[in-house]
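So you can see what is in the structure, the chains are spelled out below.
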Amino acid sequence: MTGVYESPKPRINASMLAQYIGRAVCFVGRLEKVHPSGKTLSLSDGEGKSASVELNEPLDEELSGIVEVIGTVSNKGTVMAVSYTPYREDKTSFDLELYNEGLKVLHDFPQYYPFEVSLSG
């Protein structure tokens, strides 16, 4: 999974997970729950749909609010996280619904927002 950082990653929501199996992605969602083991998270996206995230190691910090996860989508539709970043919301709140609308624009107009890098040429 070290190659996850080598190229641009599409930003997706829970509805798009099945389309990205085996590929590196970026998923942003609100933390709903953490499994007692600390290795599995449940995040909800801007549409209120949930996605499961598996970490390599148990959490060593308390998480809450919005979390960005970089990882690969497994055959089960789980994001196998390589890294995560909590977003601070102490001064302003993150509008997850507006973020989701932005995702729709990115995916509706791929000619303007390419996620793939062409290696030809």
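In the block above lies the structure referred to throughout.
Residues numbered from 1 in each chain as written. Predicted model: local features only at pLDDT ≥ 70, side-chain atom pairs only at ≥ 80, totals over all residues. Heavy atoms only, no water.

K.L.:
Kindly report on the pairing of strand β6 (residues 79-86), identifying the contributing residues and their values.
P.N.:
Bridge analysis of strand β4 (residues 50-54) against β6 gives two bridges, and the strand direction is parallel. Counted as the bridge partner of E54 is M80 from β6. Both strand β5 (residues 66-73) and β6 contribute to a ladder of seven bridges, which runs antiparallel. Bridge pairing in β6 places E68 opposite T85. (Pairing = 2+ DSSP bridges. Helix = DSSP H or I, 4+ residues; strand = E, 2+ residues; numbered from the N terminus.)

K.L.:
Go over the nonpolar core, please, and point to the residues and values.
P.N.:
With 19 residues, the main nonpolar core has I12, L17, L43, V53 and V69 as its most contacted residues. Those elements giving two or more residues to this core turn out to be β2 (24-34), β3 (40-44), β4, β5 and β6. Ignoring anything within four residues of it in the chain, the contact list for L43 reads F27, G29, R30, L31, E32, K49, S50, A51, V53, V67 and V69. Ranked by size, the runner-up nonpolar core spans nine residues in total, among them V4, I66, L96 and Y99. (Core = buried A, V, L, I, M, F, W, Y, C linked by side-chain atoms within 4.5 Å. Buried < 20%, exposed > 50% of the residue type's maximum accessible area, 1.4 Å probe, protein only. Contact = heavy atoms within 4.5 Å.)

K.L.:
So what about helix α1 (residues 96-108)? Which residues, and what values?
P.N.:
Residues spaced three or four apart along an α-helix face the same direction, because each turn holds 3.6 residues. Taking 1.5 Å per residue, 13 residues should reach 18 Å; α1 reaches 18 Å between its end C-alpha atoms and fits that length. Considered for burial, the residues of α1 that qualify are L96, Y99, N100, L103 and L106. All buried residues of α1 lie within an arc of 110° about the axis, which places them on one face of the element. Turned more than 90 degrees away from the buried face of α1 sit E97, L98 and D108, all of them exposed. Tucked inside the fold, the buried residues of α1 contact β1 (11-12), β2, β3 and β5. Two or three places before E97, at the start of α1, stands the capping residue D95, its side-chain oxygen 3.2 Å from that residue's backbone nitrogen. (Expected span 1.5 Å × (residues − 1). Arc of directions from axis to C-beta. Polar contact = N/O pair within 3.5 Å; in protein donor to acceptor, adjacent residues only side chain to side chain.)

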